[in-house]
Amino acid sequence: MPSFKVFAGVFASVISLGLSTLPAAAQADYPSRSITLIVPFAAGGPTDVVSRIVGDHMSRTLGQTIVIENTLGAGGTMAGARARDATPDGYTLITGHMGTHAASVALYPNLKYNPSTDFEPIGMIAGTPVLILARKDFPANDLKEFVTYLKANADKVNMAHAGVGSVSHVTCLLLNSILGIKPTAVPYNGTGPAMNALVGKQVDYMCDQIVNVVPQVQGGTIKAYAVGIPARSPALPDIPTSKEAGLPEFQASAWNAMFAPKGTPKPIVDKLNAALSKALDDPTTRKRLLDLGSELPEGQARSSQALAELVKSETSKWSTVIKAAGATN
Ligand code: ASP
């Protein structure tokens with residue numbers, strides 16, 4: 001008769017066998033049901049739009065529906081916390097961005113997740129240059145007039161953003177600190193609704209990712225003064241760079257990228273990375289993203305490793321900008 005020790009040993013190895021085979025089977029079958037992709041901002045904004053465009057193609061590659069879940073609040077950090085706490089089985093993912101997965105670290109002393117250590121980076125979706133925008137009837141026809149007006153009327157103007165730590169908040173903090181102004185800030189749950197307020201002339205100005213801006217500029221419903229990148233965007237060739245327009249210090253380009261909770265098995269992360277890359281190679285998906293002004297990653301820039309490094313470098317870059325701007329939450 002086996003001693004308890006031997007029995008316990010056999011029992012333990014059955015359990016460990018079970019633990020190591022079950023995930024392997026689950027990994028091989030992955031995905032066997034629909035995947036939830038958390039979008040930290042309102043429907044219709046840049047994060048939502050790029051997520052739906054690539055999610056649509058990825059769902060065809062993976063053979064399962066990708067359900068978009070807009071989890072709102074606190075500049076996207078509520079969604080970051082929800083994704084951090086999700087089961088790491090590949091069925092809950094998040095589209096993060098320069099705010100949720102970099103800048104928010106400097107603005108939320110009690111941030112409930114660490115963008116560098118609480119996620120498995122899947123890959124970059126798109127780079128998104130940021131533009132300085134105003135309502136259509138704002139009394140300034142170019143960036144120089146805009147700067148002069150803002151400096152003279154800082155106590156009267158208001159600025160829309162998508163919550164503390166969001167791209168629109170942080171990049172306009174950069175703008176405001178260059179100009180030395182502190183206007184009234186009006187938060188929304190995303191720049192989808194913030195753009196509606198700008199088009200509706202309820203707010204004066206905003207800094208936003210290009211994918212939310214191109215249709216409005218083409219339709220003439222808002223003013224765009226400059227894009228914060230070194231060369232003009234092919235999607236908006238008439239809009240000058242900040243350097244051309246006289247404010248070279250305003251350099252602002254954001255990004256959206258896909259992450260899974262820490263501990264998601266590597267084969268699943270690799271499968272998702274490959275599906276994302278396939279979406280970025282698909283001519284129709286590419287065109288949709290490029291027409292909106294996205295800058296698409298190529299080669300090594302699509303790897304999980306490149307995204308891990310980007311999160312670290314962007315966290316440190318924006319923390320310096322935020323400290324220099326003297327901003328706190
Ligand atoms: N572009 C927004 C931001 O300012 C978020 C969004 O609605 O996608 O972070």
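Residues numbered from 1 in each chain as written. Predicted model: local features only at pLDDT ≥ 70, side-chain atom pairs only at ≥ 80, totals over all residues. Heavy atoms only, no water.

Caption draft 1: Structural detail: the confidence of the model for the protein. Looking at the protein as a whole, the pLDDT averages 92, with 92% of positions reaching at least 70. Segment residues 1-22 is flagged for pLDDT under 50; beyond a separation of four residues in sequence, or across chains, it makes 1 contact in the model. (pLDDT = per-residue confidence, 0-100. Contact = heavy atoms within 4.5 Å.)

Caption draft 2: Expanded view of empty space enclosed by the protein. This model, assessed by the stated rule, comprises 1 cavity of 30 Å³ or more. Approximately 70 Å³ is the volume attributed to the largest cavity. As for the largest cavity, its lining consists of Phe41, Pro46, Thr47, His97, Ala162, Ser166, Val167, Ser168, Gly190, Thr191, Asp208 and Gln209. Those elements that provide at least two residues to the lining of the largest cavity are helix 2 (46-62), helix 6 (167-179) and strand 7 (205-209). Classifying every residue of the lining of the largest cavity by side-chain character gives 4 nonpolar, 7 polar and 1 charged. (1 Å grid on protein atoms, 1.4 Å probe; cavity = no way out; pocket = protein on both sides within 12 Å on 5 of 7 lines; lining within 4 Å. Points joined across faces, edges and corners; volume = space filled by probe spheres on them. Helix = DSSP H or I, 4+ residues; strand = E, 2+ residues; numbered from the N terminus. Nonpolar A, V, L, I, M, F, W, Y, C, P; charged D, E, K, R; others polar.)

Caption draft 3: Spotlight on the site of the ligand. Around the ligand, the neighbouring residues are Phe41, Pro46, Thr47, His97, Ala162, Ser166, Val167, Ser168, Gly190, Thr191, Asp208 and Gln209. At 2.6 Å, a side-chain N or O of histidine 97 approaches an oxygen atom of the ligand. Contacts to the ligand include valine 167, whose backbone N or O atom sits 2.9 Å from an oxygen atom. Within the complex, the protein chains bury 100% of what would otherwise be the 270 Å² of accessible surface of the ligand. Taking a 2 Å distance to the grid points as the criterion, the majority of the atoms of the ligand fall inside the largest cavity. Sorting the residues of the shell around the ligand by element identifies helix 2, helix 6 and strand 7 as the ones contributing at least two each. Residues belonging to the shell around the ligand are distributed by class as follows: 4 nonpolar, 7 polar and 1 charged. (Near = heavy atom within 4 Å. Polar contact = N/O pair within 3.5 Å; in protein donor to acceptor, adjacent residues only side chain to side chain. Areas by Shrake-Rupley, 256 points an atom, 1.4 Å probe, with all protein chains shown as cover. Sits in = over half its atoms within 2 Å of the grid points.)

Caption draft 4: Summary view of the pairing of strand 9 (residues 253-261). In terms of burial, strand 9 is a largely internal element, 8 of the 9 residues being buried. In this sheet, strand 9 lies alongside strand 3 (residues 92-97) in antiparallel orientation, the contact comprising 4 bridges. In the strand pairing of strand 9, glycine 96 is matched with alanine 257. Two strands pair when backbone bridges link them, and strand 4 (residues 119-135) and strand 9 are joined in this way by 9 bridges, in the antiparallel orientation. Bridge pairing in strand 9 links proline 129 to serine 253. (Buried < 20%, exposed > 50% of the residue type's maximum accessible area, 1.4 Å probe, protein only. Pairing = 2+ DSSP bridges.)

Caption draft 5: Looking closely at the pattern of salt bridges. Taken as a whole and judged by the stated rule, the model has 15 salt bridges. The shortest N-O distance in the salt bridge between arginine 286 and glutamate 298 comes to 2.8 Å. Highlighted residues: arginine 286 in helix 10 (residues 283-291) and glutamate 298 in the loop between helix 10 and helix 11 (304-324), separated in sequence by 12 residues. Put simply, glutamate 298 and arginine 302 hold a salt bridge, and the shortest N to O gap is 2.9 Å. Through salt bridges that share partners, Asp281, Arg286, Glu298 and Arg302 make up one connected network. (Salt bridge = Lys/Arg side-chain N within 4 Å of Asp/Glu carboxyl O.)

Caption draft 6: Spotlight on helix 4 (residues 99-107). The element helix 4 is extensively covered by neighbouring structure, given that 7 of its 9 residues are classed as buried. Along helix 4, the residues classified as buried are Gly99, Thr100, His101, Ala102, Ala103, Ser104 and Leu107. Where helix 4 is buried, its residues touch helix 3 (77-85), strand 3, strand 4, helix 6, strand 9 and helix 11.

Caption draft 7: Up close: unusual backbone geometry. In the segment running from tyrosine 30 into proline 31, the intervening peptide bond is cis, with an omega of -5 degrees. Note on placement: proline 31 falls in the loop between helix 1 (4-29) and strand 1 (35-39). One non-glycine residue, alanine 74, lies in the positive phi region at around 50 degrees. Among the secondary structure elements, alanine 74 is positioned in the loop between strand 2 (66-70) and helix 3.

Caption draft 8: Quick look at the packing of helix 2 against helix 9 (residues 266-281). Here helix 2 crosses helix 9 at 120 degrees, and the two axes come no closer than 9 Å. Of the possible angle classes, the one that applies to helix 2 and helix 9 is oblique. Here helix 2 runs over helix 9; the crossing is right-handed. Listed contacts from helix 9 to Val54, His57, Met58, Thr61 and Leu62 of helix 2 are Lys271, Leu272, Ala275, Leu276, Lys278, Ala279 and Leu280. For the contact of helix 2 with helix 9, the class distribution of residues is 8 nonpolar, 2 polar and 2 charged. (Axes fitted to C-alpha atoms, helices over the stretch in contact; angles between N-to-C directions. Parallel < 35°, antiparallel > 145°, perpendicular 65-115°, else oblique. Left-handed = near helix turned anticlockwise from the far one by under 90°.)

Caption draft 9: Region of interest: the state of the cysteines. Counting across every chain of the model gives 1 disulfide. Each sulfur of the disulfide joining cysteine 172 and cysteine 207 lies 2.1 Å from the other. Taking the torsion about the sulfur-sulfur bond, which here is approximately 80 degrees, the covalent link between cysteine 172 and cysteine 207 counts as right-handed. Within this pair, whereas cysteine 172 is found in helix 6, its partner cysteine 207 is found in strand 7, the two being separated by 35 residues in sequence. Accessibility assignment for this pair places cysteine 172 and cysteine 207 in one class, buried. (Disulfide = S-S within 2.5 Å.)

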